[in-house]
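One-letter residues, chain by chain:
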There are 2 protein chains.
Amino acid sequence: MLDTLDLELSLDKNSYKSQLETCMMKLRQLQNACWEKKLPAIFVLDGWTATGKGTLLKNMVGYMDPRGFVVHPIWPPTPEEQQYPFLWRFWQKLPSVGQVSVFYHSWYTRVLEDRLFDRISEAEIPTAMRQINAFERQMVDDGCAIAKFWLHLSCKELKKRLKKADDDPLDSWRVRPEDWQQVEHYEQYRGFAEEAIAQTSTGPAPWTLVEAHDARWAQIKVFTQAIATLSAALDRQHPQIPTQIPTPPAQEHLDPTEPNYLAQVDLQQQLSKEEYKQQLKNAQIDLRKLQMKIDREQIPVLAIFEGWDAGGKGGAIKRLTDVLDPRTYQVTAFAAPTDEEKAHHYLWRFWRQLPKAGKIRIFDRSWYGRVLVERVEGFATPTQWQRAYQEINEFEEQLTSAGYVLVKFWLHISPEEQLQRFRDRQNNPFKAYKLTDEDWRNREQWSLYEVAVNQAIQRTNTPYTPWTVVPANNKYYARVKAIETVIEAIENAL
Amino acid sequence: MLDTLDLELSLDKNSYKSQLETCMMKLRQLQNACWEKKLPAIFVLDGWTATGKGTLLKNMVGYMDPRGFVVHPIWPPTPEEQQYPFLWRFWQKLPSVGQVSVFYHSWYTRVLEDRLFDRISEAEIPTAMRQINAFERQMVDDGCAIAKFWLHLSCKELKKRLKKADDDPLDSWRVRPEDWQQVEHYEQYRGFAEEAIAQTSTGPAPWTLVEAHDARWAQIKVFTQAIATLSAALDRQHPQIPTQIPTPPAQEHLDPTEPNYLAQVDLQQQLSKEEYKQQLKNAQIDLRKLQMKIDREQIPVLAIFEGWDAGGKGGAIKRLTDVLDPRTYQVTAFAAPTDEEKAHHYLWRFWRQLPKAGKIRIFDRSWYGRVLVERVEGFATPTQWQRAYQEINEFEEQLTSAGYVLVKFWLHISPEEQLQRFRDRQNNPFKAYKLTDEDWRNREQWSLYEVAVNQAIQRTNTPYTPWTVVPANNKYYARVKAIETVIEAIENAL
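Everything numeric in this text was worked out from a predicted model, so none of it was measured.

**Focus on the overall build of chain A**
Right, on to step 1. Along the backbone of chain A there are 19 helices and ten strands.
Right, on to step 2. With the C-alpha coordinates aligned to their principal axes, the bounding extent of chain A is approximately 85 × 50 × 40 Å.
Right, on to step 3. Classification of the 494 residues of chain A by burial places 57% in the buried group.
Right, on to step 4. A fraction of 82% describes how many contacts in chain A between residues 6 or more apart in sequence connect residues 24 or more apart.
Right, on to step 5. A total accessible area of about 20,600 Å² is found for chain A, and carbon and sulfur atoms account for 49% of it.
Right, on to step 6. Distance between charge centroids for chain A: 4 Å, based on 62 positive and 66 negative side chains.

Below, the structure is given as structure tokens:
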């Protein structure tokens, strides 16, 4: 594929100058338009070393509004970054709405340089490719424009440029030994690149191959394609953030062919106080033992708690953490997103809070808000929440494939039990703060939530990330069940 | 100091139970009040190892609203964190308005454990103490409530507890060799603690010494003090975020005794196109050489550009970065703060963007906005912007004492030159986007800005972070001057 590029292509100085001027004015206008339409954009500059990516970038920088234009130079991951899924550090760098992020090298190092230097096994390559495709599609679905550029050189040209840089005392320090390895293993590296390009040149995020022997040609080609990408994205005008809240879909009952997970729950299950005390103690001792092992094996553990209001999430989390060393776990509660969070993909705020290797993190509510409250309240459009099942499955698969233990709970109670607990809270000054008007409003929409919860469970109940629906009318039973489930998940991972 | 504590103090089970209940309900109410008043709070739990901080925390967690309550366990800094000033990682963890952050160990490890293990030299201790005091005072001035607790044990008790933990197979893995060093060097460590407590027990952020032999006594003492701190902070009701924009102070002229830096600038200075080309080239070559050295010596460099609208910041930044490797520098432009940024101390967003060791960062506008646009437009109250000079000086001193090269530019042009440039922009479709209504509004307030700029320069022109006021009527001159100033600053640091 790459060897069919005509590397002789070039542009004379005058044509270049006039075309550059036009391109830049157009790009600048488009940047403005993206800002106004709240459309984020990503440019990926990848390819061989010494291809003139730097000069190209500098030309762009001079014409763009610096407040909405961020360049992210990508180096090999730091030890801290290596404790997360490989896409984690790129999630941290995603543009917010209206911004342009330029990646100077990118997530493709995972399937190029990492592969060349055996930092990733061949068996992991297909997974990485799939995760990259999912990542880019999620961005584009969210309204982001993506243009990816592979700047190509022949082996001879690459060698010539590296030698020139090496001989220049001002440049030589920038030439890494890894760069010379590209010459040494040119054919192999080209093969990797071709495979990556072939597998990730998707409809939403296609690659543009750039003949980079002539810098003028390469620049104009990149700018022209960048313009086309932004224009197309503006034309699509994704409703990335719904400006008006659409009418919520009013599915009050499950289709008879759909499984009703909640109806199947045996809410009679319970423990006596004595049983509870004993079993809780045993479970907590087991958990303490496991915490030692998690630390030793450097396994990240993430337990997410969803459930009906007053379902007992807080109490279950308290018992779960009671015996844990406070320096090894953190509880994060998620409420309505902040403005900054709203200006990013909805998964962004969860990516930012992932546990590191060896640590336990507990989420009080989670990304399932997208297909629960956001669906029922109409904060997400039907297109958005329907798409979210796949996005969530992909996200969770990225976690588990990176070694995470992920446990998902739905604490299930009956409407009658909920009413009882709401009333208890009303009458208990200690707990009254826990009850809000929103709780009463949510309660009125019980049947809508019931449909949403069942469908969420069905669509995201994968073999590697199963749901645990906990019968929670009896708090004792629910608490012990939650801890035991976490224990089991960790033991399976060990 | 610490040996005068009566470690025999204790509380019987019944008194404890009833007091705990009262404390918790009160704390919970105060958390709500803080949320409503947008008041952030910080609790610091420090002291010897094995003092029961964990149990204490767990008692709190169960009663607090998890959405506004975050526990930050503090471990030794990671290699990445070590590339920044030591307070950097704590700035990242500061509560936003309405939140409570609990630090389980804290920035005091810098003057305790780091000191015990010679990770900080004795000469650096006074600076660290001073920086801690400044840090805490800045938080409190911004409306934050701070309560700091030292949980104290006798050497004998400490040894007993560590031995017990060591003998318990479930606990032994948590006992670090460093913990035993506390027993080994008990007297020395206690001396360090006493020094830290004495020097940092300030009016805004006092220490509470807690007799921790009896866990019940210790808990109630901590909770009682936490309640007192929050109550006092609520009483103060700092106008942390001004809800109404106050009348801007209308100082249109400098006091005759104040130096007028801008008036002293010789705006006639210029370079011919030939001189410019030659000098720019030479300067850029020098800069490239230095970049190599910065990388080798792992020095972080931060250049901030302030100046009149149309003063030529963008052009100067472009020439500065023209020869730099795009993977070693980043340009960050600052506009109006986002909601999340507004919910934190105004310096927070700049702390988040600091360069790492060996990298160059360029800020297009900076924290000086606090004493310029925020002052003139009334976004900051007079109290806030007047206080900001000291806060800025402290911040900059923290950077330079951590090895940063900090260069501060004011690009100065005459009002006539600005008008000319505005008109040029109006008539040039390529540059029209750069001119906004805001620019014209700012121009009308030229004299107010002139006072603000002069006062900002005078109050923050320190020996270690001097200002460079660049005569910028002639763009050639200004660009060369900017690069040469950066070069000089780096050379001085090397």
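**Re the interface of chain A and chain B**
Right, on to step 1. Taken together, the 59 residues of chain A in the interface contact 58 residues of chain B.
Right, on to step 2. Note on chain A versus chain B: buried area summed over both sides is about 5,500 Å², and carbon and sulfur give 61% of it.
Right, on to step 3. By the criterion of area lost to chain B, the three top residues of chain A are Trp 173, Arg 327 and Phe 430 of chain A, representing 16% of everything that side buries.
Right, on to step 4. Our count for the contact surface shared by chain A and chain B stands at four salt bridges.
Right, on to step 5. In this structure, the salt-bridge partner of Asp 168 of chain B is Arg 288 of chain A, at a minimum N-O distance of 3.9 Å.
Right, on to step 6. At the boundary of chain A and chain B, one finds nine residue pairs in polar contact (both at pLDDT 80 or more).
Right, on to step 7. No other element matches helix α10 (residues 273-297) of chain A, which puts six residues into the side of chain A that touches chain B.
Right, on to step 8. Considered class by class, the residues forming the side of chain A that touches chain B number 26 nonpolar, eleven polar and 22 charged.

**Considerations on the sheet that holds strand β1 (residues 41-47) of chain B**
All names here are of chain B.
Right, on to step 1. Spatially, the five strands line up as an open sheet ordered β2-β3-β1-β4-β5, and their pairing is parallel. Across the chains shown, the open sheet's two edge strands, defined by having one partner strand only, are β2 (69-73) and β5 (207-211). The average undirected angle you get between the axes of adjacent strands in this sheet is 20°.
Right, on to step 2. Note: β2 against strand β3 (residues 100-104), five bridges, orientation parallel. Bridge assignment links Val 71 to a residue of β3, and that residue is Val 102.

**Concerning the environment of Leu 170 of chain A**
Right, on to step 1. One can find Leu 170 of chain A in the loop between α6 (155-167) and α7 (177-184).
Right, on to step 2. Judged by its relative accessible area of 13%, Leu 170 of chain A is buried.
Right, on to step 3. Contact partners of Leu 170 of chain A, with chain neighbours within four places excluded, come to Ile 285, Arg 288, Lys 289 and Met 292 of chain B.

**Looking at the relation of the copies chain A and chain B**
Right, on to step 1. Each copy of the sequence occupies a distinct position, and chain A is placed on chain B by a rotation of 180° and an axial shift of 0.0 Å, giving an RMSD of 0.0 Å. Taken together, the rotation and translation describe the operation of a two-fold axis.
Right, on to step 2. Most of the interface of chain A is mirrored in chain B: 98% of its interface residues are interface residues there too.

**Some thoughts on the confidence of the model for chain A**
Residue and element names in this part refer to chain A.
Right, on to step 1. Overall, the predicted model of chain A reaches an average pLDDT of 91, with 97% of residues at or above 70.
Right, on to step 2. Ranking the elements of chain A by mean pLDDT puts helix α2 (residues 53-61) last with 84 and strand β9 (residues 405-412) first with 98.
Right, on to step 3. Reported confidences for the modelled complex are a pTM of 0.82 and an ipTM of 0.73.

**What about the layout of surface pockets?**
Leftover empty space is mapped by rolling, across the atoms, a probe with the size of a water molecule.
Right, on to step 1. Estimated volume of the second largest pocket: approximately 1,300 Å³.
Right, on to step 2. If you trace the second largest pocket, you find 36 residues lining it, with Gly 54, Thr 55, Lys 58 and Arg 174 of chain A together with Asp 322 of chain B closest to the centre.
Right, on to step 3. Put simply, the parts of the chain that give the lining of the second largest pocket at least two residues each are α2, α6 and α9 (215-236) of chain A together with α10 (273-297) and α11 (313-321) of chain B.
Right, on to step 4. In terms of residue count, the dominant contributor to the lining of the second largest pocket is α6 of chain A (six residues).

**What to know about the sheet that holds strand β9 (residues 405-412) of chain B**
Residues and elements named next belong to chain B.
Right, on to step 1. What the five strands build is an open sheet, ordered β7-β8-β6-β9-β10; its pairing is parallel. Edge strands, defined here as strands with exactly one partner in the open sheet, are β7 (329-333) and β10 (467-471). Sheet twist, expressed as the mean angle between neighbouring strand axes with direction ignored, is 20°.
Right, on to step 2. Summarising the sheet, strand β6 (residues 301-307) and β9 pair through seven bridges and their orientation is parallel. The residue of β9 that forms the bridge with Ile 304 is Lys 408.
Right, on to step 3. On top of the sheet, α11 reaches β6, β7, β8 (360-364) and β9; it is set at about 155° to β6, its chief contact.
Right, on to step 4. Strands in contact with helix α19 (residues 475-493) are β6, β9 and β10; relative to β9, the strand with the most contacts, it is inclined by about 160°.

**A closer look at the packing of α10 of chain B against α19 of chain B**
All names here are of chain B.
Right, on to step 1. Between α10 and α19, whose axes approach to 9 Å, the crossing angle comes to 25°. Classified by the interaxial angle, the pair formed by α10 and α19 is roughly parallel. Crossing handedness for the pair α10 and α19: left-handed. Only Tyr 476, Arg 479, Val 480, Ile 483, Glu 484, Val 486, Ile 487, Ile 490 and Glu 491 of α19 make contact with α10, whose side of the interface consists of Lys 273, Tyr 276, Gln 279, Leu 280, Ala 283, Gln 284, Asp 286, Leu 287, Leu 290 and Ile 294.

**Quick look at the packing of aromatic side chains**
Right, on to step 1. A full pass over the atoms with the stated rule returns 56 aromatic pairs over all chains.
Right, on to step 2. On the numbers, 5.1 Å between centres and 40° between planes, the contact of Trp 351 of chain A with Phe 395 of chain A is tilted. In this pair, Trp 351 of chain A sits in helix α13 (residues 348-351) while Phe 395 of chain A sits in helix α15 (residues 382-401), placing the two residues 44 residues apart along the sequence.
Right, on to step 3. In this structure Phe 395 of chain A comes out as buried when scored by relative accessible area, which is 1%.
Right, on to step 4. Here the aromatic rings of Trp 91 of chain B and Phe 135 of chain B are separated by 5.9 Å at their centres, their planes lie at 55°, and the arrangement is tilted. Placement of Trp 91 of chain B in helix α3 (residues 88-91) and of Phe 135 of chain B in helix α5 (residues 125-141) is noted, with a sequence separation of 44 residues between them. With respect to class, Trp 91 of chain B is no different from Phe 135 of chain B; both count as buried.
Right, on to step 5. For Lys 53 of chain B, the ring lying beneath its charged end belongs to Tyr 104 of chain B, and the centroid distance is 5.8 Å.
Right, on to step 6. We note Arg 459 of chain B situated over the ring of Tyr 389 of chain B; from NZ or CZ to the ring centre the distance is 5.3 Å.

**A closer look at a negative patch on the surface**
Residues and elements named next belong to chain A.
Right, on to step 1. A cluster of acidic residues, Asp 286, Glu 484, Glu 488 and Glu 491, forms a negative patch at the surface.
Right, on to step 2. Among the elements that make up the negative patch, the one with the highest residue count is helix α19 (residues 475-493) (three residues).
Right, on to step 3. Exposure remark for Glu 484: the relative accessible area of 37% places this residue in the partly exposed category.

**Focus on helix α8 (residues 186-200) of chain B**
Residue and element names in this part refer to chain B.
Right, on to step 1. Between its first and last C-alpha atoms α8 spans 21 Å; for 15 residues at 1.5 Å apiece the expected length is 21 Å, and the two agree.
Right, on to step 2. Those residues of α8 lying buried are Tyr 186, Tyr 189, Arg 190, Phe 192, Ala 193, Glu 194, Ala 196, Ile 197 and Thr 200.
Right, on to step 3. Looking at the packing, one finds that the buried side of α8 touches α4 (113-116), α5, β4 (145-152), α6 (155-167), α7 (177-184) and β5.

**Quick notes on the side chain of His 152 of chain A**
All names here are of chain A.
Right, on to step 1. Among the structural elements, His 152 can be located in strand β4 (residues 145-152).
Right, on to step 2. For His 152, a relative accessible area of 2% corresponds to the buried category.
Right, on to step 3. Here the side chain of His 152 touches Trp 48 through a polar contact of 2.9 Å, side chain to side chain.
Right, on to step 4. Among all residues touching His 152, those that are not within four sequence positions of it are Leu 2, Leu 5, Leu 7, Trp 48, Tyr 186, Arg 190, Val 210, Glu 211, Ala 212 and His 213.

Reading guide: rules and limits
Residues numbered from 1 in each chain as written. Chains lettered and ligands numbered in written order. Predicted model: local features only at pLDDT ≥ 70, side-chain atom pairs only at ≥ 80, totals over all residues. Heavy atoms only, no water. Helix = DSSP H or I, 4+ residues; strand = E, 2+ residues; numbered from the N terminus. Buried < 20%, exposed > 50% of the residue type's maximum accessible area, 1.4 Å probe, protein only. Contact = heavy atoms within 4.5 Å. Areas by Shrake-Rupley, 256 points an atom, 1.4 Å probe, with all protein chains shown as cover. Lys, Arg positive; Asp, Glu negative; His and termini not counted. Charge placed at Lys NZ, Arg CZ, Asp CG, Glu CD. Buried area = accessible area lost by both parts, 1.4 Å probe. Salt bridge = Lys/Arg side-chain N within 4 Å of Asp/Glu carboxyl O. Polar contact = N/O pair within 3.5 Å; in protein donor to acceptor, adjacent residues only side chain to side chain. Nonpolar A, V, L, I, M, F, W, Y, C, P; charged D, E, K, R; others polar. Pairing = 2+ DSSP bridges. Axes fitted to C-alpha atoms, helices over the stretch in contact; angles between N-to-C directions. Least-squares fit on C-alpha atoms with pLDDT ≥ 70 in both. pLDDT = per-residue confidence, 0-100. 1 Å grid on protein atoms, 1.4 Å probe; cavity = no way out; pocket = protein on both sides within 12 Å on 5 of 7 lines; lining within 4 Å. Points joined across faces, edges and corners; volume = space filled by probe spheres on them. Parallel < 35°, antiparallel > 145°, perpendicular 65-115°, else oblique. Left-handed = near helix turned anticlockwise from the far one by under 90°. Phe/Tyr/Trp six-rings, centres within 6.5 Å; stacked < 30°, edge-to-face > 60°. Lys NZ or Arg CZ within 6 Å of the ring centre and 35° of its normal. Patch = residues over 30% accessible without salt bridge, like charges linked within 9 Å, V, L, I, M, F, W, Y side chains within 5 Å. Expected span 1.5 Å × (residues − 1).

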